[in-house]
Amino acid sequence: MTTVHTFRINGSDVAGTDGQSILAVATENGIDIPTMCHLDGLSDTGSCRLCVVEVAGSSKLTPACTTLVSEGMDVSTTSEQLCGYRRTIIEMLFLERNHICAVCVANNHCDLQNLAEELKLDHFELPVIAPKVGIDASHALFAIDHNRCIMCVRCVRVCDEVEGAHTWDVMGSGIGVRVVTDMGTPWGESTSCTSCGKCVQVCPTGALFEKGRSIGEGSKERRPFLPYLKNQAQEPELT
Amino acid sequence: MSESAPSAPPAPPKRPRRAADGLRPLEGPARASAYVCEAVSCLSAQSHDILLKLGEQVSGAGLKDVEVKRVGCLLLCASGPLVQIPGTGQLFSNVRPDDLDAIVEALADVTPGEQRAPEAPFFSRQRRIATENSGRIDPESLDDYVEKGGFEALRSVLTSMTPAQVREEITRSGLRGRGGAGYPTGLKWNTVAKAVGSPKYVICNADEGDPGAFMDRSVLESDPYRVIEGMAIAAYAVGASEGYVYCRAEYPLAVSRLRKAIHSAGRAGYLGLHILDSKLGFEVDVRLGAGAFVCGEETALIASVQGGRGTPTTRPPYPAVAGLWDQPTLINNVETFANIAPIIRKGGAWFAGIGTSTSKGTKVFALAGRVVNTGLIEVQMGTTLREIVFDIGGGIVDGRAFKAVQTGGPSGGCIPAEFLDMGVDYESLVGVGSFMGSGGMIVMDETSCMVDVARYFMDFCREESCGKCAPCRVGTTQLWILLDRISHGGATLDDLAQMERLGAMVQRTSLCGLGQGAPNPIFSTLRYFRDEYLAHIVDRVCPAGVCAIEPAPVPV
């Protein structure tokens, strides 16, 4: 038996079933909560912290993607403070590594770029960190540019949960953290990688890309072969 | 016995029983004893050589009825190696192996049967519960522990109490988690007991990572059986059958003593199936951490025990409901478990009678920094900072002026002199912008620069951030850059305002306690020492003379 919970998001009454996240219910009701690490079809880690929302009665902010709905909760997603926090998170992601759109393969089809526009991030206030962190182009078809990676770990999750290969994982700590293939060996030498390209499909930025494609050739050729990854499939094709 | 029963494991090779490794056993009862500290800080100052030499000299002097014994921490760690004569209460510090005559002489004069504690205020002002056996028993001897009343609490729990009664006793005691946050232990035990799922697990968190804190290490090195007993009682109370001690690999002596203790407790029937012929079956295993500070956070700890990368996950679900392998899991700190046996032995009401209205019992602190007596102390909750720093700690070295005391590690704060008369408990520390934490207490005098202190802790957090969530990963580095700029004299007042804004954001949006607590050292130093920040920014001077201020740019 499924229990239905009624509660409020931004003052309007909504209903969700047991086990649904706040984010899922908000999306169903057309309420937009910015996210970066979340992708339908993959498990949620609550790591980008963009989707944090306020729940009445709790002094803590809670991520909408991992918080399950409960009866009578009163969620607010759009306070000025939240928007400020989100803008700072995006700003920090931009400054953490090199995200110069003009010379990026994902220019104009990048989730980070879109979100920055949406949140009206028009200048940086914090210091730029951007250390040179290298590119691994040893794979025959794909390459990873760590300078563009925002550590959403969608690639790690899709490789483990959908492809079942678990080629990708994470190593390091602090801002030295990296996604790595096969415990840190070059991607081209990976024995577990099936070259399926799912990681490239789910990457929100220009970190993972197909070789031999110019910026002008547009998107990462988002073929609809991962239909369960909804928000990728819905993205408008660039002409 | 039926044939299907497993054959008994082969008996281990017999070793002669010795008072301590390398010493001959005593034939009769001891008239006098000399306790030699063999916890790691004294060991690193060659206390084992002293143990052997003292043994030689004692027998050389014909003192056949004097026992030389290895014990755990004698508390005054910075003055090691330490030797104590419990018969007279004398404590010899900074002992050298070629200078033991005074000890042998003192041993010759001991009146049998007398026991005296050292009289110095460092010892007499303490109240020892969690560390009551520390420095009194041989940490590697089960017999010694049992002789001092060890495993009595476990026996009485198994023979005369129901699990619910045990939990009620712990609830009545008012014991709160000693890992830092102070969550009521009885409530946690009740939650795990009520959670649905089998098997349940008990985990002892011995991943002590705060800079300058070594309370858990000392308890494990000095009295490992007490922790095991506490875990076994917890297992009975919540219905768990397996336990893990998650200890950092940087504590090799603690790990080895713990493993020996688990082994010998198992052989003596205090662990394993049918503990003390009861229905309780409980096994304990040790898991080593690989040096990540964040693994002290309970969800990261669980990930690490499971063999994964030690990164925290969002709560709820709490480990009490879905923890290790998604089963109900009780996680308590070493010191919390060390308090269990005395509570059962003497009753929850006794424990509740100690301390303040909200914080019961005692707290172990690692007293460090610019005080005369540095070492381990256990004081009643509510003891004032003045008592701790000036009576127990003996005041500031070189007679300098007291400036602040830092508690709570990288999530804590600095408490200035105006709060010296404040009693220390969970609430009072939070009230002044600090945090109990696991019990590190660093005393600072006028030679410490508060900007530098904040910068040091931020540097620690930025390296120890696991890198999972963006606010902590990038935010701690950004805060460190700003602090670094201030400490070099290159910052503006805008930078200061920026730092405060960013700090508040990191505090509110980070995933786990590491990020949420990381800005605390900044906020607490800003609250009480804003003038020092302004001196760095506006006047470009470091009042304490610590920071290397770069010369101001020449206006063109």
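Everything numeric in this text was worked out from a predicted model, so none of it was measured. (Residues numbered from 1 in each chain as written. Chains lettered and ligands numbered in written order. Predicted model: local features only at pLDDT ≥ 70, side-chain atom pairs only at ≥ 80, totals over all residues. Heavy atoms only, no water.)

1. Things to note about the overall build of chain A
Now for step 1: In terms of helices and strands, chain A carries six helices and ten strands.
Now for step 2: For chain A, the residues scored as buried account for 53% of the 239 residues in total.
Now for step 3: Residue pairs at least 24 apart in sequence account for 61% of intrachain contacts in chain A once pairs closer than 6 positions are excluded.
Now for step 4: Approximately 10900 Å² of chain A is accessible, and the part contributed by carbon and sulfur atoms is 53%. (Helix = DSSP H or I, 4+ residues; strand = E, 2+ residues; numbered from the N terminus. Buried < 20%, exposed > 50% of the residue type's maximum accessible area, 1.4 Å probe, protein only. Contact = heavy atoms within 4.5 Å. Areas by Shrake-Rupley, 256 points an atom, 1.4 Å probe, with all protein chains shown as cover.)

2. A word on the domain arrangement of chain B
Interface size is often expressed as the accessible area that is lost when the parts come together.
Residues and elements named next belong to chain B.
Now for step 1: Under the domain assignment used here, chain B contains domain 1 (32-119), domain 2 (142-352), domain 3 (362-445) and domain 4 (452-539).
Now for step 2: A C-alpha centroid distance of 32 Å is found between domain 1 and domain 2.
Now for step 3: Counting from both sides, the interface comprises ten residues of domain 1 and, opposite them, eight residues of domain 2.
Now for step 4: Between domain 1 and domain 2, the buried area comes to about 630 Å², and carbon and sulfur atoms account for 51% of it. (Domains from an automatic or database assignment. Buried area = accessible area lost by both parts, 1.4 Å probe.)

3. What to know about the interface of chain A and chain B
Now for step 1: Contacts between the two partners involve 32 residues from chain A and, on the opposite side, 28 residues from chain B.
Now for step 2: For the chain A and chain B pair, buried surface summed over both sides reaches about 2400 Å², with 58% attributable to carbon and sulfur atoms.
Now for step 3: Counting across the interface, chain A meets chain B through two salt bridges.
Now for step 4: When the shortest N-O distance is used, the salt bridge between A:Glu96 and B:Arg473 registers 2.8 Å. (Salt bridge = Lys/Arg side-chain N within 4 Å of Asp/Glu carboxyl O.)

4. Some remarks on the sheet that holds strand S2 (residues 66-71) of chain B
All names here are of chain B.
Now for step 1: An order of S2-S1-S3-S4 is seen for the four strands of this open sheet, with the pairing classed as mixed. The strands lining the two open edges of the sheet, one partner per strand, are S2 and strand S4 (90-92). On average, each strand axis in the sheet is inclined to that of its neighbour by 20°, with strand direction left out of account.
Now for step 2: As defined by bridge partners, strand S1 (residues 32-37) adjoins S2 across six bridges and the pair is classed as parallel. Opposite Cys37, over in S2, you have Val71 as the bridge partner.
Now for step 3: The strands that helix H2 (residues 47-60) touches are S1, S2 and strand S3 (83-85); relative to S2, the one it contacts most, it runs at about 170°. (Pairing = 2+ DSSP bridges. Axes fitted to C-alpha atoms, helices over the stretch in contact; angles between N-to-C directions.)

5. Section: the domain arrangement of chain A
All names here are of chain A.
Now for step 1: Here chain A is described as being made up of domain 1 (4-78) and domain 2 (87-233).
Now for step 2: The straight-line distance from the C-alpha centre of domain 1 to that of domain 2 is 25 Å.
Now for step 3: For the pair domain 1 and domain 2, the two sides together bury roughly 1500 Å², of which 64% comes from carbon and sulfur.
Now for step 4: Joining domain 1 to domain 2, the criterion identifies zero salt bridges.
Now for step 5: Put simply, domain 1 and domain 2 have five residue pairs in polar contact (both at pLDDT 80 or more) between them.
Now for step 6: Here the residues of the side of domain 1 that touches domain 2 are counted per class, giving seven nonpolar, six polar and four charged. (Polar contact = N/O pair within 3.5 Å; in protein donor to acceptor, adjacent residues only side chain to side chain. Nonpolar A, V, L, I, M, F, W, Y, C, P; charged D, E, K, R; others polar.)

6. A word on a negative patch on the surface
Now for step 1: Among the surface-exposed residues, B:Asp99, B:Asp101, B:Glu105 and B:Asp109 lie close enough to one another that they form a single negatively charged patch.
Now for step 2: Along the chain, B:Glu105 falls in helix H3 (residues 101-108). (Patch = residues over 30% accessible without salt bridge, like charges linked within 9 Å, V, L, I, M, F, W, Y side chains within 5 Å. Lys, Arg positive; Asp, Glu negative; His and termini not counted. Charge placed at Lys NZ, Arg CZ, Asp CG, Glu CD.)

7. Re unusual backbone geometry
Peptide bonds are trans in most cases, and residues, glycine excluded, mostly fall at negative phi.
Now for step 1: Omega for the peptide link from B:Gly80 to B:Pro81 comes to -5°, which places this bond in the cis form.
Now for step 2: With an omega of 5°, the peptide bond running from B:Pro316 to B:Pro317 counts as cis.
Now for step 3: If you trace the backbone, B:Pro317 turns up in the loop between helix H12 (298-305) and strand S8 (329-333).
Now for step 4: If you check the backbone angles, A:Asp182 has positive phi at about 40° while not being a glycine.
Now for step 5: Overall, A:Asp182 belongs to the buried group, its relative accessible area being 16%.

8. A few points about the pairing of strand S1 (residues 4-9) of chain A
Residues and elements named next belong to chain A.
Now for step 1: Every second residue of S1 is oriented toward a common face, the buried set being His5, Phe7 and Ile9 and the non-buried set Val4, Thr6 and Arg8.
Now for step 2: As defined by bridge partners, S1 adjoins strand S2 (residues 12-17) across six bridges and the pair is classed as antiparallel. In the sheet register, Ile9 faces S2, and the bridge partner there is Ser12.
Now for step 3: The turn linking S1 back onto S2 is made up of two residues, and Asn10 within it adopts a positive phi angle of 50°.
Now for step 4: Bridge count for S1 against strand S5 (residues 74-76) is two bridges, and the pairing is parallel. Looking across to S5, one finds that Ile9 is bridged to Val75.

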